[in-house]
Number of protein chains: 2
Amino acid sequence: MKKHVVIIGGGFGGLKAAKVLADYTDLVDVTLIDKRNYHLFQPLLYQVATAGLSPADIATPIRNVLSDAKNVTVYMDEIKSVNPQINSFEAGTVSSKYDYIILACGATHSYFGKDHWEEFAPGLKTLEMATEIRRRILMAFESAEKEADKNRQKEWLTFVVVGGGPTGVEMAGAISEIARQTMEADFRNIDPKDTRVILIEAGKRVLASFNETLSIDAKADLKNLGVEVLNEARVTDINANGVALADAAGVEQKIASKTVVWAAGVRPSPINATLNVPLDKAGRIIVSKKLSVESYPNLFVIGDQAHFDEPDGKVLPGLAPVAIQMGKHAAKNIIRLIKNEASLDFKYVDKGQMATIGRKLAVMEFKGIKARGTFAWLAWLFVHIYYLIGFKNRMFVMMQWTWSYITFNRGARLITKKDWKDF
Amino acid sequence: MKKHVVIIGGGFGGLKAAKVLADYTDLVDVTLIDKRNYHLFQPLLYQVATAGLSPADIATPIRNVLSDAKNVTVYMDEIKSVNPQINSFEAGTVSSKYDYIILACGATHSYFGKDHWEEFAPGLKTLEMATEIRRRILMAFESAEKEADKNRQKEWLTFVVVGGGPTGVEMAGAISEIARQTMEADFRNIDPKDTRVILIEAGKRVLASFNETLSIDAKADLKNLGVEVLNEARVTDINANGVALADAAGVEQKIASKTVVWAAGVRPSPINATLNVPLDKAGRIIVSKKLSVESYPNLFVIGDQAHFDEPDGKVLPGLAPVAIQMGKHAAKNIIRLIKNEASLDFKYVDKGQMATIGRKLAVMEFKGIKARGTFAWLAWLFVHIYYLIGFKNRMFVMMQWTWSYITFNRGARLITKKDWKDF
């Protein structure tokens, strides 16, 4: 009698778990549910938002990735509820019992209770948000070119990025590069080099999860690219006119800007609160060393949705390598449980971290080694291409980048409308 | 004193005119207005609708194409009115006087007065429509996979294309190939080979503008691909349940289908009716042999927006080569007028026509030569890649196609949502 394993979410963790379970056709039937039909390579989402890559370059249909996994059925459906007491789940159309379930629903961004800011400062979590940000950035230059009033022209040419983590740093660097390199010769009434890009970080330094030297390096690199970095600046308001800030001493300032991008808080899936299981302060589900929930040994939680304490007391961060390793481990533990073997403790193998700032500019650290500049940038390129799902995407992204590198051009500078009927 | 030339529209004709005028920096300043920021390679739009190419593969920013044309200013703006009596135009933000104007606004599709059909049968004119059609086609397979009711499953797997011109033939062939080749191994509850694709044509044959032998060939090729072709079938209704038809004898039938694509009528820009100039029955502006309007020798109309009578009495069709040649000729005539030389008559150099049906299947005719099959298909590939604006796009599209050809795969199978806030 084969066991039914349900996986919710086709991100890095969920997809890896499905691939591992696909090798046990005699033991398990797997159902994978995702509200999207594609796996998204989120680390490169900022490239879509800044017109470097097309959506299809960083997304692959989940059912295509799993087409050889004959014991895996993929449904594009939205999870409504999971009831671990009776081992069942319900989605929009599909619902069933399960023997084991893996929750891999990821996270979305949080506006710290100020959800009305979203309208003026979209975050970067989905392809739709990325193309919306792309639309806003490109439209700002188009509007500036048409604008006769010099003050309003300045507002169009001022871009604010909120949040100094890897995504914020990557966005700020890329916007500055677009203005100073890609668009250099394309306008007649404005000089794109007059563009201001302002990166706002509430903490003392950008890339706070990195070693302090690298934070200082990154800030210097951003400056060289023309990005103004404001540290210890707290956003107090975002509206159609721009951003209001308070510095450490509480002194307020306003930045007039038409284009604001949100790269700050993260919030886990709303399903967590419905499960009646222990959550951490951030709302993540606290998992045991086996990656399951203490009270339900057949309920596994992985990736951004999970709170996992490392032996040194640190919580594992929301990174792709963490999700991938967790997905593999959860799948292996399910197989062990089915075989009546004891499940094993999860140990994260540190893959380091890296962030890119611009052309030949990046920072990385790996097992105590720190690197910066061209070497770190090449390493970043290599790692990101290597991990891109599917050979085809790898090849195309590499070519897009080679092309962009040689020509300073960006291939996806399209302003698409929201409504398909809007001719 | 330099003359001010205004071009409305950055399609094949408008862009060509701008490029020609860019060589006369001492004679003219040019303003090009388009409501999009990109030039769209419309002949390949069906490839976006069928997940073969990404939007950015067939679109290039107009201002980037013209970045070296220093006497050309590009505005992304929507034309509101043209007043040829006082030589002025007004757009959303920009407005000005002109010495010469070239209208190159193209055409959109027409539902023959049944605009409420659009909701259920989107046409293929813009990138947004193409991604909407792609969304519907891919969602149909996803919905069929989830559907327990066999009848409703069939409705999801039935696709109707209305209109047997090149676009309709290309769409029908591509949908059938997706089902039978690309998605073959990706589903567990349905067999994509059960997909029905029905091409509806009101006239006696598909590809009516081609030689009759080629129409018969194309129909046979479509049949081999699994497409059912209905000739002399008139659409009487389209709604959420499918399409109602009447045959030549008036006998009605209904086709239950969840996915209908409109590839039938064409209607020119609504601005035509506001100009008080002679229009043909289809609403196109009737132009003289000089490509200008009889009453306004400084008002030129080109491409799909123009009605041009050939010496044999035929009207030039809405094809890219026609628009390109007209754009070049209109620009040359403007330069001649500025130099006080007599303007010249336009003569269209026939570039033939071609349509692709599927993998190694195409038809073409050129100066009386007819071809079919692999040769025609290779010619089609070559011509379309050659004319793709910009070297980069050419290279990437060629690679996408090589990839698709080798693997039977399609790179852009993304179902993106309409609203970016829809997480």
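It should be emphasised that the depicted structure is a prediction, and the values quoted were computed from it without experimental measurement. (Residues numbered from 1 in each chain as written. Chains lettered and ligands numbered in written order. Predicted model: local features only at pLDDT ≥ 70, side-chain atom pairs only at ≥ 80, totals over all residues. Heavy atoms only, no water.)

Quick notes on the relation of the copies chain B and chain A
Expressed as a screw transformation, the operator carrying chain B onto chain A has a rotation angle of 180 degrees and an axial translation of 0.0 Å, and the superposed copies differ by an RMSD of 0.0 Å. Read as a symmetry element, the transformation amounts to a two-fold axis. When the interface residues of chain B are mapped onto chain A, 100% of them again fall at the interface, so both copies present the same face. (Least-squares fit on C-alpha atoms with pLDDT ≥ 70 in both. Contact = heavy atoms within 4.5 Å.)

Details of helix α9 (residues 374-387) of chain A
Owing to its 3.6 residues per turn, the α-helix aligns residues three or four sequence positions apart on the same side. With 14 residues, α9(A) should cover 20 Å at 1.5 Å per step; its first-to-last C-alpha distance of 20 Å lies within 8% of that length. Residues A:Ala376, A:Trp377, A:Ala379, A:Trp380, A:Leu381, A:His384 and A:Ile385 constitute the buried set of α9(A). (Helix = DSSP H or I, 4+ residues; strand = E, 2+ residues; numbered from the N terminus. Expected span 1.5 Å × (residues − 1). Buried < 20%, exposed > 50% of the residue type's maximum accessible area, 1.4 Å probe, protein only.)

Some words on the domain arrangement of chain A
All names here are of chain A. Taken as a whole, chain A is organised into domain 1 (3-35 + 77-109 + 267-338) and domain 2 (115-264 + 353-407). A separation of 32 Å is found between the C-alpha centroids of domain 1 and domain 2. The interface is formed by 8 residues belonging to domain 1 together with 9 residues belonging to domain 2. In this structure, the connection of domain 1 to domain 2 is made through 0 salt bridges. (Domains from an automatic or database assignment. Salt bridge = Lys/Arg side-chain N within 4 Å of Asp/Glu carboxyl O.)

A few points about the packing of aromatic side chains
Going through the model one piece at a time under the given rule, you end up with 20 aromatic pairs over all chains. Geometrically, the ring pair formed by A:Phe12 and A:Phe41 is edge-to-face, given 5.5 Å between the ring centres and 75 degrees between the ring planes. Here the residue A:Phe12 occupies a position in helix α1 (residues 12-21), and A:Phe41 occupies one in the loop between β3 (38-40) and α2 (45-49), the gap between them amounting to 29 residues. Given the relative accessible area of 2%, A:Phe41 is considered buried. Measuring from centroid to centroid gives 6.2 Å for A:Phe141 and A:Phe187, while their planes differ by 35 degrees, and the two rings are tilted. Taken together, the residues A:Phe141 in helix α4 (residues 127-146) and A:Phe187 in the loop between α6 (166-182) and β12 (196-200) connect sequence positions 46 residues apart. With a relative accessible area of 7%, A:Phe187 lands in the buried category. Ring pairs connect the aromatic residues A:Tyr111, A:Phe112, A:Trp117 and A:Trp262, which therefore count as one cluster. Geometry around B:Trp156 places B:Lys258 over its ring, the cationic atom sitting 5.5 Å from the centre. (Phe/Tyr/Trp six-rings, centres within 6.5 Å; stacked < 30°, edge-to-face > 60°. Lys NZ or Arg CZ within 6 Å of the ring centre and 35° of its normal.)

Concerning the packing of helix α1 (residues 12-21) of chain B against helix α8 (residues 320-338) of chain B
Residues and elements named next belong to chain B. At a closest axis distance of 7 Å, the pairing of α1 and α8 adopts a crossing angle of 35 degrees. With respect to the hand of their crossing, α1 and α8 are arranged in right-handed fashion. The segment α1 lies against α8, with Phe12, Gly13, Lys16, Ala17, Val20 and Leu21 engaging Ala320, Ala323, Ile324, Gly327, Lys328, Ala331, Lys332 and Ile335. Residue composition of the contact of α1 with α8, grouped by class: 9 nonpolar, 2 polar and 3 charged. (Axes fitted to C-alpha atoms, helices over the stretch in contact; angles between N-to-C directions. Left-handed = near helix turned anticlockwise from the far one by under 90°. Nonpolar A, V, L, I, M, F, W, Y, C, P; charged D, E, K, R; others polar.)

Digging into the UniProt feature "domain: FAD/NAD(P)-binding" (unreviewed entry) in chain A
Mapped onto the present numbering, the UniProt feature "domain: FAD/NAD(P)-binding" (unreviewed entry) falls at residues 4-327 of chain A. Secondary structure within residues 4-327 of chain A divides into 26% helix and 28% strand; the distance between the first and last C-alpha atoms comes to 17 Å. (UniProt positions renumbered as here; feature names shortened; annotations may be inferred.)

Observations concerning the sheet that holds strand β16 (residues 252-256) of chain A
Residue and element names in this part refer to chain A. The strand order across the open sheet built from 3 strands is β14-β15-β16, with neighbouring strands paired in antiparallel fashion. Bordering the open sheet on either side are β14 (234-239) and β16, each of which pairs with just one other strand. Between one strand and the next, the sheet's axes are offset by a mean angle of 20 degrees, whatever the strand orientation. Pairing analysis gives 5 bridges linking strand β15 (residues 242-246) to β16, with the strands arranged antiparallel. Bridging from a neighbouring strand, Ala244 pairs with Lys254 of β16. (Pairing = 2+ DSSP bridges.)

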